[in-house]
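Listed below, chain by chain, are the residues.
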Amino acid sequence: MQFVHKNIIIQPLPSMSQAGVEVAVLRLDQWHNVVSGNKWFKLKYQLQAAIQQGCDTVATFGGAYSNHLVATAFACKELGLQSIGIVRGEEPETYSHTLQHCKEYGMQLQFVSRQAFQQKETVKQTYNGANVYWVDEGGYSVLGMQGAADILSTASTQAFTHIACACGTGTMLAGLIHAALPHQQVIGISVLKGHTSLQQEVNALLPLADHNKPYTLLHDYHFGGYAKHPQPLLQYMQQLWQQEQLPTDIVYTAKLCYAVQDLVGRQYFPAGSKVLIIHSGGLQGNLSLPLHTLSF
Ligand SMILES: *Cc1c(COP(=O)(O)O)cnc(C)c1O
């Protein structure tokens, strides 16, 4: 499974660090410009399984701005697999950048009503008989978790005491918990409002041996809810770009960076901590903003 290009760097973030607490970011966003960040990791064992099982098509679910959908479309194209995207909601008159890219990469898009989208098993049955490998929305699965566990092997991450990531489905977080060393504490920043079932969903992906590994979920950094991006968040993104040349996305990584900076300011991390932020990519999501909203 190739098409992976760059060496992953760990960038120190002096503007976020304070006496006794160092902050740095794992630049997984530089992994690939389409299958950026965590999506490739979550998909890789699932696509491998699809090929091993002799499936010629991979199908999955997502919204009109889903990073997962476009990553699946691109990865399938690279691997010679067909792809189907089940998209939540009626077909829009003008496609989002995400959907345009999905189409460009050959993904067959099927739009279903919000109600029908909730009935995933019923949707799957309409493809009965086809040679389809189904990937859950957001890549949520044990194979996705195992792929995400490999994120910590992309660079030298052993010296860090804390690892922080953004959470949608929690699949990446579960992988990081699985891979974390005993001296490392994993922190998940939920980008959904009131996602109270997240902990249960994360635990469901973890093998029994990991069930007593401590980790922390924080629910107060969603900025109003999924994909909401009020002005203060956009301002923060601009500031981070100016101070550190770190581009972030409105849905996940800006909220994550803001959370870590806020926690450092509140002395959440004990002296001597080394905090690693996982930049999980997703920059294509910023294309939904009006032109020139951001200077990167
Ligand atoms: C999809 C995505 C996430 C969320 O990952 P989960 O495994 O669903 O929690 C985080 N960051 C970015 C940039 C993403 O695209």
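The text that follows walks through the structure, step by step, so that each part is easy to find. (Residues numbered from 1 in each chain as written. Predicted model: local features only at pLDDT ≥ 70, side-chain atom pairs only at ≥ 80, totals over all residues. Heavy atoms only, no water.)

Some words on the site of the ligand
Working step 1: The environment of the ligand is formed by 14 residues, the closest being K39, K42, N67, T169 and S280.
Working step 2: A distance of 2.7 Å separates an oxygen atom of the ligand from a polar atom in the side chain of N67.
Working step 3: Within the backbone of T171, a nitrogen or oxygen atom sits 3.3 Å from an oxygen atom of the ligand.
Working step 4: Look at the ligand: alone it shows 390 Å² of surface, and the protein chains cover 98% of it.
Working step 5: Going through the elements one at a time, α1 (38–52) and α7 (171–179) are the ones with two or more residues in the shell around the ligand. (Near = heavy atom within 4 Å. Polar contact = N/O pair within 3.5 Å; in protein donor to acceptor, adjacent residues only side chain to side chain. Areas by Shrake-Rupley, 256 points an atom, 1.4 Å probe, with all protein chains shown as cover. Helix = DSSP H or I, 4+ residues; strand = E, 2+ residues; numbered from the N terminus.)

Focus: the sheet that holds strand β3 (residues 57–62)
Working step 1: A sheet is described by the order of its strands in space; here four strands give the open sequence β5-β4-β3-β6, paired in parallel fashion. Two strands close off the open sheet at either side, each with one partner strand: β5 (108–112) and β6 (132–135). Sheet twist, expressed as the average angle between the axes of neighbouring strands with direction ignored, equals 20°.
Working step 2: Bridge count between β3 and strand β4 (residues 82–88): six bridges; the pairing is parallel. Looking at β4, one finds that A59 is bridged to I84.
Working step 3: Sheet strands in contact with helix α2 (residues 67–79) are β3, β4 and β6, and its direction is about 170° off that of β3. (Pairing = 2+ DSSP bridges. Axes fitted to C-alpha atoms, helices over the stretch in contact; angles between N-to-C directions. Contact = heavy atoms within 4.5 Å.)

Some thoughts on the pairing of β4
Working step 1: When you tally the buried positions in β4, you get five out of seven residues, the bulk of the element.
Working step 2: You can see the chain leave β4, run along helix α3 (residues 97–104) and come back into β5, and the turn it takes is right-handed. (Buried < 20%, exposed > 50% of the residue type's maximum accessible area, 1.4 Å probe, protein only. Right-handed = clockwise from strand over helix to strand, strands pointing away.)

Brief notes about the packing of helix α6 (residues 142–149) against α7
Working step 1: Direction vectors running N to C along α6 and α7 enclose 55°, while the axes themselves pass 7 Å from each other. Between α6 and α7, the angle falls in the class oblique. Here α6 and α7 pass one another in a crossing that is right-handed. Taking contact as the criterion, the partners of G144, M145, A148 and A149 in α6 are, on α7, T171, M172, A174, G175, L176, H178 and A179.
Working step 2: Broken down by class, the residue content of the contact of α6 with α7 amounts to seven nonpolar, four polar and no charged. (Parallel < 35°, antiparallel > 145°, perpendicular 65-115°, else oblique. Left-handed = near helix turned anticlockwise from the far one by under 90°. Nonpolar A, V, L, I, M, F, W, Y, C, P; charged D, E, K, R; others polar.)

Focus: the pairing of β5
Working step 1: Across five bridges, the pairing between β4 and β5 is parallel. Looking at β5, one finds that I86 is bridged to Q110.

These figures capture arrangement, not role.
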